[in-house]
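Below, each chain spelled out in residue letters.
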6 protein chains.
Amino acid sequence: MFQKHALHTLIQSALEEDVGTGDITTSSILTGKETGVARAVAKSEIIVAGMDVFKEVFLFVDKRMQFSGCSEDGRLVMRGTSLAEVSGNLGKILTAERVALNFLQRMCGIATFTRQYVEAVRGTGAKILDTRKTVPGLRFLDKYAVTVGGGHNHRFGLYDGVLIKDNHIAAAGGISRALERVRRRISHTLKVEVEAKNLKEVREALRSGADVIMLDNMSVEDMRKAVSLVNGRVPLEASGNVTLANVRQIAETGVDFISIGMLTHSVPAADISLKVR
Amino acid sequence: MFQKHALHTLIQSALEEDVGTGDITTSSILTGKETGVARAVAKSEIIVAGMDVFKEVFLFVDKRMQFSGCSEDGRLVMRGTSLAEVSGNLGKILTAERVALNFLQRMCGIATFTRQYVEAVRGTGAKILDTRKTVPGLRFLDKYAVTVGGGHNHRFGLYDGVLIKDNHIAAAGGISRALERVRRRISHTLKVEVEAKNLKEVREALRSGADVIMLDNMSVEDMRKAVSLVNGRVPLEASGNVTLANVRQIAETGVDFISIGMLTHSVPAADISLKVR
Amino acid sequence: MFQKHALHTLIQSALEEDVGTGDITTSSILTGKETGVARAVAKSEIIVAGMDVFKEVFLFVDKRMQFSGCSEDGRLVMRGTSLAEVSGNLGKILTAERVALNFLQRMCGIATFTRQYVEAVRGTGAKILDTRKTVPGLRFLDKYAVTVGGGHNHRFGLYDGVLIKDNHIAAAGGISRALERVRRRISHTLKVEVEAKNLKEVREALRSGADVIMLDNMSVEDMRKAVSLVNGRVPLEASGNVTLANVRQIAETGVDFISIGMLTHSVPAADISLKVR
Amino acid sequence: MFQKHALHTLIQSALEEDVGTGDITTSSILTGKETGVARAVAKSEIIVAGMDVFKEVFLFVDKRMQFSGCSEDGRLVMRGTSLAEVSGNLGKILTAERVALNFLQRMCGIATFTRQYVEAVRGTGAKILDTRKTVPGLRFLDKYAVTVGGGHNHRFGLYDGVLIKDNHIAAAGGISRALERVRRRISHTLKVEVEAKNLKEVREALRSGADVIMLDNMSVEDMRKAVSLVNGRVPLEASGNVTLANVRQIAETGVDFISIGMLTHSVPAADISLKVR
Amino acid sequence: MFQKHALHTLIQSALEEDVGTGDITTSSILTGKETGVARAVAKSEIIVAGMDVFKEVFLFVDKRMQFSGCSEDGRLVMRGTSLAEVSGNLGKILTAERVALNFLQRMCGIATFTRQYVEAVRGTGAKILDTRKTVPGLRFLDKYAVTVGGGHNHRFGLYDGVLIKDNHIAAAGGISRALERVRRRISHTLKVEVEAKNLKEVREALRSGADVIMLDNMSVEDMRKAVSLVNGRVPLEASGNVTLANVRQIAETGVDFISIGMLTHSVPAADISLKVR
Amino acid sequence: MFQKHALHTLIQSALEEDVGTGDITTSSILTGKETGVARAVAKSEIIVAGMDVFKEVFLFVDKRMQFSGCSEDGRLVMRGTSLAEVSGNLGKILTAERVALNFLQRMCGIATFTRQYVEAVRGTGAKILDTRKTVPGLRFLDKYAVTVGGGHNHRFGLYDGVLIKDNHIAAAGGISRALERVRRRISHTLKVEVEAKNLKEVREALRSGADVIMLDNMSVEDMRKAVSLVNGRVPLEASGNVTLANVRQIAETGVDFISIGMLTHSVPAADISLKVR
């Protein structure tokens, strides 16, 4: 619901940025009466994500646009598949094209990339999480695309989740003091996650009553020990330098969550083109 | 000048997105009086870009922040180099950290990535160009980072440059008609670029008086022929499927510009961490 | 930090609303050179809250305003006490006066009202909570004022806390199903609170793994039974029709939290006047 | 007309404040397909006010919402009366519920409270006025609710009415000087009201040509004398410490207007609940 | 005060409109280090108005700009006079120049134009008024410039003054009914002006208790009769087709106010140039 | 497309400025149920421009407004011609009237004024251009109205066209250096225009490779020499002190463009009235 409004604002600013005072090429050449049909086509294998955003861009430019054959978010499509067809005023299709694709290519890119990690850990019980390493202004879309790819969302920001890091611990004078201070202030509806750099800190976090423990940049070996030490009393999250090459190994240590910044900060755009007929 | 205001708006919305109603961890644990120093450190070899943006984020959160040892944009730094030191209220440093890094890592990423292409064509006379395939809302930062990496900017949007594509040509009924219509309407301060898919279209564009011709997805062989056919009468821009593997070969055909979407749509974030003391 | 920006926006819109195209009385009569000193005085016993907001209003109108003798938030002051002195341009003091007082009187009103409830339950272990029944646009100030009065904050909105109500349960087909669905989707950093209308529902919520249980409109008798039934396994929140007359009795049942809508939806403004010399 | 736009902006910010990045409980549990009907029910005797605002909140969240049985603003309803029924997407009803009620409860509260004062002075000829002591951001709704309750509006802000107070008089060096300065500057479409603290000032204001005189914090005895002194030449407004206990007595002095800050700054919310079926 | 904020918003949007993504000429050619001094010079005889706005534009672009020799608003200056000198960063002076002049030239134009009318009626007792026929978005500046030229302001908008026109009268079924309805609803701080097209309507307006009467498009002869008929009981405003050629004659009929749309809707810009050294 | 959004924002702010908290006259007198028809009538010979803007204002106030008999932009209409009829809610027509006319009168004024210049140069081959001397906030409407009158647009702002002026040349140390720096930085889709004050500078600009040369404030005699000197190699633009009296003479020198600030900075509003039935 509310995100619909946020989306509208975002699309408007993206169009202002790209179209500005007008698409001078199109408005000079076309009469404004031409109609046309454009088809978005996957040029490689992708997980579809962001179809609603793609449509909203065209609707923002001209609310009479019509759509057909739109793939649903989450579907895996092969190279060459048509993702959607938009028909209506040709000039407006041309004007909206780039912005619509910029959103769609990023969102499909994230979902597709996330799916690879999700597949890599299949069967292990570990869940793939995103982080706050998103592109400024696009967090709600980036995080949505992660869930489309099969990942799960970590907290949305600093306001809806507690994560006590080393600097907090140092400032408080220890984990238990930091935990105590947090408990006194935050809403009783929030859990408290504590970052641990080694097994000693895992033990201390456990003892101090952390609800979740993040294993920060630990070796696979130490993660395995942490899992056995904690023994299911609280969930564990692995974090730091996770790649497609090592994610399975990490998952097999028995951690509950694996958070991966690359899902949103280093994602290759999906290759999608718009062909107008 | 004006971009300073645009930057301010962007930073504000990035902080709203991340901090929302407050950094509940930090504000619960810290007293608000602690001070500290944080150092941004490159964890791989990078071209620095976005240092002013990085600083503005901290200043937005607390205008009393102090900086020292800031690298200049465009500098190549080695792994382990300190990029900047920020000192001031510790709680506010922790609150601003992620947003500041999200900007800096993307901008350094783009500059570093661009530089690889620029190096690859060194000595050929070809210039590396960006495209409109930027992240919605960040175009002015993305395009700035490209120039820091040694690339050049194509038009900023649909409003400040003319590019006649196949759909425009089809709608107008030929290249010369499209060109004629555009000339009648646009400001006399703008050039007209025409997209050509093959040598026949290059010839027609040339005959019709195009100021610039884009060679769209042509083979290297055809590009070479186009260069010789045009023979310096107008500049040529190569576009489509450019990679680090083939960019040199393309440059050596003698084209004037090579535009590359990946510079901004599929860029890996630079690896940079913030260490608080 | 970020709330400073939100506050700025709020103050601006409050001044636009009140001052509009100009304070025509003041700007017609005063020359614009007069200076003056104004003193905010408590006209009844109050808990001070919102002093920073009060000051920001004057600073927004003229950043050269000076303050002295400002009471700290949380202080109990007697009738007749001076809360703050503002000195500077007289015309601007007169223009800002009403908006500054409108904020201060509401915030002190909330803190003073909250304190009465906090005092009423002193020694019982129960904490007084606010609700989402705040005035549109002022939630962050309303909730802040509650903490100044000694109360605690419940979730800020629908986005940072989970509360499963009867309609959710009905739609899901039972408490355990509702809980299961929520757990699958929300961030692992959030707890799940479930509303129960009677002891049967308390038992079911407990069995289904609720992290917190809200006793909704239960009799004091039933609350006592619920406390003994739950026996400390999860925290309990009493809610519904709480008044100064019955709050102590509720607290003595042993519940952990008591949430009270009146703290923010039916609060009498504190009586404060601004005397200019 | 224009206020429709202002209302839209206000509702949007109220929903942003409450819903933020999403109603995580509802969106996790409901499928998004459920439909439902909710009924707003008065839990005490109230004057209805704000029905359009209530509906707009639901329509903002989902423009397909349907309404039936809506009470008209100004109607007196008994405890247990249904005020309105909203039907549509169940999840969206649940998401919008709190914000819609927060507006409605405040507006009905103001109208109901105002009506008590209006009833108290019935037959005396005195009109009940509001003040500028409204909640920041809600003035147009607060003032509207006062008229629904039978009260009248004083000026909307500092820009559309002149009220010369003691500080203005002191700065100008007397009432007649202050009046003269104001007349020279303001539009000829505005009247000038002057505040008087005692009978001497009433006489001076009258002599200086005030269009309206405010009797500020005078005793009932003095108000009576002022009425007889002025003898209908200009309207008189009583102001200061008006309560339900003394308002009739004040009205019977023969003053034309009685302005009451409590109507908007200390109003108890009307008790209204939303029952979903 | 508040208008300072409105001005800031206006300047920002004027700069966005003109500078957009950047002053590409200046930023390409200048190094960004050059400093310079620019002088605004009157190229004809003008009344200065808008000096603060002129300065604010430069300060918005660079807050370190320095000013000297600024003429005060209201001063009459001869052709060739220096109005102000701005010194600072040369590139930023060049970027801000056009927007600063666009404001200044319009405001001086209005003040200069208004002054001609004010001079034309000197000694008659009639005051020159503006109207609501201002350029969208600039009303507060347009109206300010009128006062600088010696004119007076009519109401600012539809919200702060009552003017009953023929359509209102027709809808109400007569002047007295219209007046009665208005009195019942509006704040007691507002006067009621009624438009009259002929002497019959003047009589009716007077009889119905209008506070001010507008003589709409009457002949000079009829205006004279209206003045004698009304005989000072209420002020009279002449309106419609006023020019420099006939304004004196109208003033000499004895009307109190003459309102002139041309002051703001057809004003020639003052000729002012900025010379950079 | 995008301009539709910009227009919406502009209309909204124009209505806020004029209507503010409400049209108190209309809302007090009318019941809100009356309907009516209003006709816009030209009171002198004009070129119609801005009909869509006129309609949008009414639609913004009430989207159910109906229109008939609307003249098309560009049409020349005689005195007394009906330009458009709007029918719908009478109160809303009255509320919207002034803002709708303020836009329409300015836009028709510009188109009508421009047409006079276009007629004056008919047959010479010279095109009439606008400048950046537009009213802040209205540039896109002002420039549109110029094209309706038969003129052409110069660059929209500093961002979409290059114009090297004397200060740029001085800072760079000569025309050729300035040109070289610009070419290195700007997009290859832009031309470079250079300002020349005399024939010597024209020669230098030509030699340095300017794409267009502006003849700034030259005598007609010198313009003629410049035309013969340049001999068609680049287009020439005449600028400075152009009036209806001398524009034909300038055009006959053979220049390609004549730019005229007065088209937008000193335009008399078209005389149009709205008659309600």
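The rules behind these values
Residues numbered from 1 in each chain as written. Chains lettered and ligands numbered in written order. Predicted model: local features only at pLDDT ≥ 70, side-chain atom pairs only at ≥ 80, totals over all residues. Heavy atoms only, no water. Least-squares fit on C-alpha atoms with pLDDT ≥ 70 in both. Contact = heavy atoms within 4.5 Å. Domains from an automatic or database assignment. Buried area = accessible area lost by both parts, 1.4 Å probe. Salt bridge = Lys/Arg side-chain N within 4 Å of Asp/Glu carboxyl O. Polar contact = N/O pair within 3.5 Å; in protein donor to acceptor, adjacent residues only side chain to side chain. Helix = DSSP H or I, 4+ residues; strand = E, 2+ residues; numbered from the N terminus. Buried < 20%, exposed > 50% of the residue type's maximum accessible area, 1.4 Å probe, protein only. Expected span 1.5 Å × (residues − 1). Bend = angle between axes of the 7 residues up to and from the residue. Nonpolar A, V, L, I, M, F, W, Y, C, P; charged D, E, K, R; others polar. Pairing = 2+ DSSP bridges. Phe/Tyr/Trp six-rings, centres within 6.5 Å; stacked < 30°, edge-to-face > 60°. Lys NZ or Arg CZ within 6 Å of the ring centre and 35° of its normal. Axes fitted to C-alpha atoms, helices over the stretch in contact; angles between N-to-C directions. Core = buried A, V, L, I, M, F, W, Y, C linked by side-chain atoms within 4.5 Å. Parallel < 35°, antiparallel > 145°, perpendicular 65-115°, else oblique. Left-handed = near helix turned anticlockwise from the far one by under 90°. pLDDT = per-residue confidence, 0-100. Right-handed = clockwise from strand over helix to strand, strands pointing away.

1. Re the relation of the copies chain C and chain D
Then, in step 1: Least-squares fitting of chain C to chain D yields an RMSD of 0.0 Å, with the transformation described by 0.0 Å of translation along the axis and a rotation of 180 degrees. Each copy turns onto its partner about a two-fold axis.
Then, in step 2: A share of 100% of interface residues in chain C that are also interface residues in chain D marks the association as one of identical surfaces.

2. Describing the arrangement of the chains
Then, in step 1: Between chain B and chain D there is no contact, and the shortest C-alpha to C-alpha distance separating them is 9 Å.
Then, in step 2: For the non-touching pair chain C and chain F, the nearest C-alpha separation works out to 9 Å.

3. Section: the domain arrangement of chain A
Residues and elements named next belong to chain A.
Then, in step 1: Annotation of chain A at the domain level lists domain 1 (4-118 + 268-276) and domain 2 (123-265).
Then, in step 2: On the domain 2 side, the residues contacting the 21 residues of domain 1 number 22 residues.
Then, in step 3: Across the interface of domain 1 and domain 2, roughly 1,700 Å² is buried in total on both sides, 74% from carbon and sulfur atoms.
Then, in step 4: Looking at the side of domain 1 facing domain 2, the largest losses of area belong to Arg-106, Ile-110 and Tyr-117, adding up to 38% of the total buried there.
Then, in step 5: Counting every contact that joins domain 1 to domain 2 gives 1 salt bridge.
Then, in step 6: The salt bridge involving Asp-142 is made with Arg-106; its shortest N-O contact spans 3.0 Å.
Then, in step 7: Scanning the region where domain 1 abuts domain 2 turns up 5 residue pairs in polar contact (both at pLDDT 80 or more).

4. Concerning the relation of the copies chain C and chain A
Then, in step 1: When chain C is fitted to chain A, the residual RMSD is 0.0 Å, and the transformation amounts to a turn of 180 degrees plus an axial shift of 0.0 Å.
Then, in step 2: Most of the interface of chain C is mirrored in chain A, where 100% of its interface residues again form contacts.

5. A short note on the pattern of salt bridges
Then, in step 1: Evaluated as defined, the whole model comprises 90 salt bridges over all chains.
Then, in step 2: Notably, a salt bridge pairs Glu-221 of chain F with Arg-224 of chain F, separated by 3.2 Å at the nearest N-O pair. Of this pair, Glu-221 of chain F and Arg-224 of chain F both sit in helix H9 (residues 220-230), 3 residues apart, roughly one helical turn.
Then, in step 3: Looking at Glu-221 of chain F, the relative accessible area reads 43%, which means it is partly exposed.
Then, in step 4: With a relative accessible area of 40%, Arg-224 of chain F lands in the partly exposed category.
Then, in step 5: Linked through salt bridges whose partners overlap, the residues forming this network are Asp-166, Glu-195, Lys-197 and Asp-216 of chain A.

6. Some details on helix H4 (residues 90-120) of chain A
All names here are of chain A.
Then, in step 1: Compared with the 45 Å implied by 1.5 Å per residue over 31 residues, the 43 Å span of H4 between its first and last C-alpha is a close match.
Then, in step 2: When the local axis directions of H4 are compared, the greatest deviation, roughly 45 degrees, occurs at Glu-97.
Then, in step 3: Where burial is concerned, most of H4 is hidden: 27 out of the 31 residues are buried.

7. Comments concerning the interface of chain C and chain A
Then, in step 1: Residue-level contacts link 20 residues of chain C with 20 residues of chain A.
Then, in step 2: Contact between chain C and chain A buries roughly 1,600 Å² in total, counting both sides, with carbon and sulfur atoms accounting for 56%.
Then, in step 3: Among the residues chain C hides against chain A, the three largest losses belong to His-188, Thr-189 and Lys-191 of chain C. Together they make up 44% of the total.
Then, in step 4: At the junction of chain C with chain A, the criterion picks out 0 salt bridges.
Then, in step 5: On inspection of chain C and its partner chain A, the count reaches 7 residue pairs in polar contact (both at pLDDT 80 or more).
Then, in step 6: Across the side of chain C that touches chain A, the residue classes break down as 5 nonpolar, 7 polar and 8 charged.

8. Some details on the pairing of strand E1 (residues 35-42) of chain C
All names here are of chain C.
Then, in step 1: Where E1 and strand E5 (residues 82-89) come together, 7 bridges link them in antiparallel fashion. Each bridged residue has a counterpart across the sheet, and for Val-37 the counterpart in E5 is Ser-87.
Then, in step 2: Here E1 runs beside strand E12 (residues 272-276); their pairing, made up of 5 bridges, is antiparallel. Of the residues in E12, the one forming a bridge with Ala-42 is Ile-272.

9. Describing the environment of Thr-112 of chain B
Residue and element names in this part refer to chain B.
Then, in step 1: Tracing the backbone through its elements, the reader meets Thr-112 in helix H4 (residues 90-120).
Then, in step 2: A sequence separation of 106 residues divides Thr-112 from Met-218, and the C-alpha atoms of the two residues are 27 Å apart.
Then, in step 3: Excluding residues that lie within four positions of it along the chain, Thr-112 makes contacts with Glu-45, Ile-46 and Ile-47.

10. Here's the deal with helix H5 (residues 139-148) of chain C
Then, in step 1: Of all 10 residues making up H5 of chain C, 8 are buried, and the element is well covered by its neighbours.
Then, in step 2: The set of residues buried in H5 of chain C consists of Arg-139, Phe-140, Leu-141, Asp-142, Lys-143, Ala-145, Val-146 and Val-148 of chain C.

11. Some details on the packing of aromatic side chains
Then, in step 1: Applying the stated criterion across every chain, the model contains 21 aromatic pairs over all chains.
Then, in step 2: Ring centres 5.7 Å apart and planes at 70 degrees place the aromatic pair Tyr-159 of chain D and Tyr-159 of chain E in the edge-to-face group. With one member in each of two chains, Tyr-159 of chain D in the loop between helix H5 (139-148) and strand E7 (162-164) and Tyr-159 of chain E in the loop between helix H5 (139-148) and strand E7 (162-164) form a pair that bridges those chains. One exposure class covers both Tyr-159 of chain D and Tyr-159 of chain E, and it is buried.
Then, in step 3: Of the aromatic side chains, those joined through ring pairs into one cluster are Phe-54, Phe-58 and Phe-67 of chain A.
Then, in step 4: Lying over the aromatic face of Phe-156 of chain F, Lys-143 of chain F brings its terminal NZ or CZ to 5.2 Å of the ring centre.

12. Some thoughts on the sheet that holds strand E12 (residues 272-276) of chain D
Residues and elements named next belong to chain D.
Then, in step 1: The 4 strands lie next to each other as E3-E5-E1-E12, forming an open sheet whose pairing is antiparallel. Edge positions in the sheet fall to strand E3 (66-68) and E12, since each of these pairs with one other strand and no more. Adjacent strand axes in the sheet meet at a mean angle of 20 degrees when their direction is disregarded.
Then, in step 2: Most of the contacts of helix H3 (residues 51-61) go to strand E5 (residues 82-89), to which it runs at about 10 degrees, and overall it touches strand E1 (35-42), E3, E5 and E12.

13. Concerning the nonpolar core
Then, in step 1: Ranked by internal contacts, the top residues of the largest apolar core, which has 592 residues, are Ile-258 of chain A, Ile-258 of chain B, Ile-258 of chain C, Ile-258 of chain D, Ile-258 of chain E together with Ile-258 of chain F.
Then, in step 2: Residues in contact with Ile-258 of chain D, not counting those within four places in the same chain, are Val-121, Ala-126, Lys-127, Ile-128, Leu-129, Ala-238, Val-242, Val-247, Ile-250 and Ala-251 of chain D.

14. A word on the sheet that holds strand E6 (residues 127-129) of chain A
Residue and element names in this part refer to chain A.
Then, in step 1: As summarised here, the arrangement of the 6 strands in space is E6-E11-E10-E9-E8-E7, forming an open sheet in which the pairing is parallel. A single partner strand is all that each edge strand has here, and the edge strands are E6 and strand E7 (162-164). Strand-to-strand, the axes of this sheet are offset by a mean angle of 25 degrees, without reference to chain direction.
Then, in step 2: Looking at chain direction, E6 and strand E11 (residues 257-259) are connected through 3 bridges and run parallel. Looking across to E11, one finds that Ile-128 is bridged to Ile-258.

15. Details of the packing of helix H3 (residues 51-61) of chain E against helix H4 (residues 90-120) of chain E
Residue and element names in this part refer to chain E.
Then, in step 1: In contact at an axis separation of 9 Å, H3 and H4 are set at 160 degrees when each is read in the N-to-C sense. Relative to H4, the element H3 is oriented roughly antiparallel. With respect to the hand of their crossing, H3 and H4 are arranged in right-handed fashion. Contacts from Met-51, Val-53, Phe-54, Val-57, Phe-58 and Val-61 of H3 reach H4 at Lys-92, Ile-93, Ala-96, Glu-97, Val-99, Ala-100, Leu-101, Phe-103, Leu-104 and Met-107.
Then, in step 2: Taken together, the residues of the contact of H3 with H4 sort by class into 14 nonpolar, no polar and 2 charged.

16. Describing the interface of chain C and chain D
Interfaces are often described in size by the accessible area the parts lose on coming together.
Then, in step 1: Counting from both sides, the interface comprises 57 residues of chain C and, opposite them, 57 residues of chain D.
Then, in step 2: When the two sides are added together, the surface that chain C and chain D hide from each other amounts to roughly 4,800 Å², 57% of it contributed by carbon and sulfur.
Then, in step 3: The tally of links from chain C across to chain D stands at 4 salt bridges.
Then, in step 4: Residue assignment for the side of chain C that touches chain D shows that the elements contributing at least two residues are helix H1 (2-19), helix H2 (24-29), helix H4 (90-120), strand E7 (162-164), helix H6 (166-172) and helix H7 (175-185) of chain C.
Then, in step 5: The element that contributes the greatest number of residues to the side of chain C that touches chain D is H4 of chain C, accounting for 7 residues.
Then, in step 6: In the side of chain C that touches chain D, the residues fall into 27 nonpolar, 18 polar and 12 charged.

17. A short note on the environment of Lys-127 of chain F
Then, in step 1: Its place among the elements puts Lys-127 of chain F in strand E6 (residues 127-129).
Then, in step 2: Beyond its immediate chain neighbours, meaning those up to four positions away, Lys-127 of chain F contacts His-152, Asp-256, Phe-257 and Ile-258 of chain F.

18. A closer look at the confidence of the model for chain A
Then, in step 1: Averaged over all residues, the pLDDT of chain A equals 96, while 99% of them reach at least 70.
Then, in step 2: Confidence metrics for the complex model read pTM 0.95 and ipTM 0.96.

19. Quick notes on the pairing of strand E9 (residues 212-216) of chain C
A regular strand places its side chains on the two faces of the sheet in alternate fashion.
Residue and element names in this part refer to chain C.
Then, in step 1: Counting buried positions along E9 yields 5 of 5 residues, so the element is predominantly enclosed.
Then, in step 2: Neither face of E9 is left uncovered, since the one carrying Val-212, Met-214 and Asp-216 and the one carrying Ile-213 and Leu-215 both have all their residues buried.
Then, in step 3: Sheet analysis places strand E8 (residues 192-196) next to E9, joined by 4 bridges and oriented parallel. Within E9, the position partnered with Ala-196 by the bridge is Leu-215.
Then, in step 4: In terms of handedness, the path from E8 via helix H8 (residues 199-208) over to E9 forms a crossover that is right-handed.
Then, in step 5: Here 4 bridges tie E9 to strand E10 (residues 236-239), and the two strands are oriented parallel to one another. For Asp-216, the partnering residue across the bridge sits in E10 and is Ser-239.

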